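# Architecture at a glance
Below are the chains, spelled out letter by letter.
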Amino acid sequence: MQDKSVAGDAGAASSAGDPEPKTADAVVARLAADLKLDPSAVERALDRLDAGLAIPYLARYCSGQVGGLDEPALRAIRDAAAQVRELEARRAFVLHAVEERGDVPEKTRRRLQRARTRSELEDLYLPFRPRRRTRGSMAEEQGLDPLADALLDPKTESPETPAAAYVDAERGVADAEAALRGARDILAERFAEDPEIRSLFQRLVNKEGKLQALPPPGETEIPKRYSKFKGYEERIGRIPSHRFLALRRAEKEGALANRIAYDESKVLAEIERRFFAEERPEEVRAQLRAAAGDALRRIIAPAVLTEVRRQAKVRADRDAIRVFTRNLHDLLMSPPAGPRRVLGIDPARRGAVHLACVDERGTPVAHERIKPFSKDEPTAAAAVEKVRALCRKHNIDVVALGNGPGSHECEVFLADALEEMGEESPPVAVVDEAGVGAYASGPAGRGELGRFPVPVRGAISLARRLMDPLAELVKVDPKQIGVGQYQNDVEQMQLRRELRSVVESSVNSVGVDLNRATRHQLAYVCGLNPQRGQAIVERREKKGLFRTRAELAELGALPPDALRQAAGFVRVYGGENPLDATGVHPDHYPVVERIAAARGVTPGELVGNADQLADIAVEDFADEQHPPTTVASVLAELLEGGLDPRPALEIVRRRLLVRSLEELKPGMRADGRVTNVTAFGAFVDIGVGQDGLIHVSELSDRFVKDPSRVVHVGQVVSVRVLSVDLQTRRVALSMKPAGGGGRGERGERGERGERGRGERGRGRADGPRGGGKRGDRKRGWPQGPRPDHEAAEEAKPAPAVPAPAEAAPEPEPAETIPEGMTEEEFVKQKLDELRKRFS
């Protein structure tokens, strides 16, 4: 499994399936220019992508072979290459078609070769396409072509004089007016087929055209649920993605009609300038203007406006999918609680609430059914005692409460139930439950937890999701996680592809425990798939735990190329080789062994040892198979030491424990967790059973164009209540200091329906990005200062969660860390120095 063999395999596979050399060169040149990348790097990356090598593998272990391109750049190359290849294939077809005609001007041929978009190419090809039977073609069959030419002739004095010569009842030309009508149809098609006219019109609409929302056909008013769009108009080229998708959805529902308004006089003037600018008698000019107007309204406008709408939809889809993938990444990379004993609770507003306890490995050990909201006092008291008994008997470290309906009521119940436990009281973490129902009732839940009822499966999944969100979320279709906007309105194949890429990237960046990962998690590892993941699980069940990564080779289901890609992303903790627990690829073990021999230590002693690694001269350990860039990446992996890249877990310790939405008042302050980020703002759970919206204008005192630059899913934020609308159950929040003003409830309120279950996202995570030191992960959760809150009820502080008994103490750093710098910051500084030297 050497680097050179990887490159050789990629090159061989690529050469077998590449397009013709000329087309391949055009694709590389176009991609390099559009993406502003080195052409040689683009070519090498395409070769390896075409060979089927996974993007995380290329970015992490073949960076030298692809010019140091990272995952986003490689994905951009992959996606752009598909579009460019499609364009080049169409260009080759068009050029072949026009060459067969033999009468194509050289200027047109050159323009076809230079066309950069499918729309431009099709406009140029339009005059040469096989003709359909149209009004203009029927007029040509009637022999009216010369009359059309006569109308364009500046010498023509009157249209009626030449038209009279073409009256022929046998050909269907009853009188002079019929002849002129046919001539106008011919001219309209000539005008409409001119690529310059179509290009001008498209640019005009994109730049100045306005999308207007009108009542649906036959109606005088827009329905009340879309009343915010009454009188709405906005430039089509500047309309935000979420608003365009909202308008498009409303149109599909028949609630309104969307129209693009434009100034047609500029297009008509251009037609006149190109075809009949000379002085003509008014009667002739009237015929030509009528033909120009017909060309614009009947032929050009429908086609071009459809293309403009399509392009706007593509832009809106791209932006909406970007929001979804960014939020999904944040949710998947939510901080894990780690191997702790967890009580999972699937909430309900009334009736039975299901509880489930799991041990440090996520194995269910007990489950109960309680009725905490029963009007029967003994039943309600029994519910309290069952919760306390489960916590004491199974030494529960933390309670995982789902954020579905009834979450607020259950949180208030738990606060009362656990209060009397004193120091034994475990903290309560609210966990996103989007997709839990689909897992519990679907094949994944039945296969893993078939002996339990569906509600208990949900409680178990919630407990596991707190322990390791990534491992549990990969069991759910990414679409059902729903932390996006208008996900059912975007192009579905593109959405699925992008979401899978995010999941694949997240799984591989964290790494997978070969001895604990489920088949769902293994399926996303580079080189693996569901069948290969299942083969690994079955081998583990039959022969016991893996002791080394090398044992993967014993699986007949893993061909060499798959084994090579997967080897670096799987981990074997406590195995025979300490390097198997790191991100160092087995191909690069010889580098580590040479470094260890030179330092007089074992390879395992290099892992996480900044003192041993920081002053290494990379060139001293490079060879033909392992260039300096590879040695530098090995040192980076050793410095990381196999640490989880996800941040440490933080629990919101001050929640606004009012009993209902009616008790929420403007001016109150509270801590909350961001559950979804959209183009128009962020939704925050503050513990009142209804997420509030921070409009983009209320995120900061400064102008904010992209909310994701200020907040992200899972982040803990301090907010102030602006207003509460009990009728619509809308809560407006602000992150601005008091007195900062703002828009309050104004903004994109109609998009509120995008949140919740299924399509409506409630992506909550229990920790901010970068919220905690890596060194704290094995010592418990960080205890930061608590912010001051005004006019809000305080929740009782949750007791600290004890670290697992089996957790080993952190080793002291071998080198003195400068004052004011954490151990993680020190290691990161050393790592950055190495990367800068050999980037």
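The structure contained in this document is the topic of the report that follows.

Calculation criteria
- Residues numbered from 1 in each chain as written.
- Predicted model: local features only at pLDDT ≥ 70, side-chain atom pairs only at ≥ 80, totals over all residues.
- Heavy atoms only, no water.
- Helix = DSSP H or I, 4+ residues; strand = E, 2+ residues; numbered from the N terminus.
- Buried < 20%, exposed > 50% of the residue type's maximum accessible area, 1.4 Å probe, protein only.
- Phe/Tyr/Trp six-rings, centres within 6.5 Å; stacked < 30°, edge-to-face > 60°.
- Pairing = 2+ DSSP bridges.
- Axes fitted to C-alpha atoms, helices over the stretch in contact; angles between N-to-C directions.
- Contact = heavy atoms within 4.5 Å.

### Re unusual backbone geometry
Non-glycine residue Lys 36 carries a positive phi angle of around 55 degrees. Mapped onto the elements, Lys 36 comes out in the loop between helix H2 (21-35) and helix H3 (39-50). Classification of Lys 36 as exposed rests on a relative accessible area of 73%. The phi dihedral of Arg 729 is positive, around 55 degrees, even though this residue is not glycine. You can call Arg 729 partly exposed: its relative accessible area is 35%.

### Some words on the packing of aromatic side chains
Counted according to the given criterion, the structure contains nine aromatic pairs. Arranged with centres 6.2 Å apart and planes meeting at 35 degrees, the rings of Phe 191 and Phe 276 form a pair that is tilted. Placement of Phe 191 in helix H11 (residues 176-192) and of Phe 276 in the loop between helix H14 (264-275) and helix H15 (282-332) is noted, with a sequence separation of 85 residues between them. A relative accessible area of 0% places Phe 191 in the buried class. For Phe 276, a relative accessible area of 1% puts it in the buried group. Measuring from centroid to centroid gives 6.5 Å for Phe 373 and Phe 413, while their planes differ by 70 degrees, and the two rings are edge-to-face. Residue Phe 373 is located in the loop between strand S6 (364-370) and helix H16 (377-393), and its partner Phe 413 is located in helix H17 (residues 407-419); the two are separated by 40 residues in the primary sequence.

### Things to note about the sheet that holds strand S5 (residues 353-358)
Sheets are built from strands that pair by backbone hydrogen bonding, the pairs being arranged parallel or antiparallel. The five strands are arranged S6-S5-S4-S7-S8 in an open sheet whose pairing can be described as mixed. Pairing within the sheet leaves two strands with one partner each, and these edge strands are S6 and strand S8 (428-431). Going across the sheet, the axis of each strand differs from the next one's by a mean of 20 degrees, ignoring polarity. Note that strand S7 (residues 398-402) and S8 share four bridges and pair parallel. Bridging across to S8, Ala 400 finds its partner in Ala 429. Most of the contacts of H16 go to S6, to which it runs at about 170 degrees, and overall it touches strand S4 (342-346), S5 and S6.

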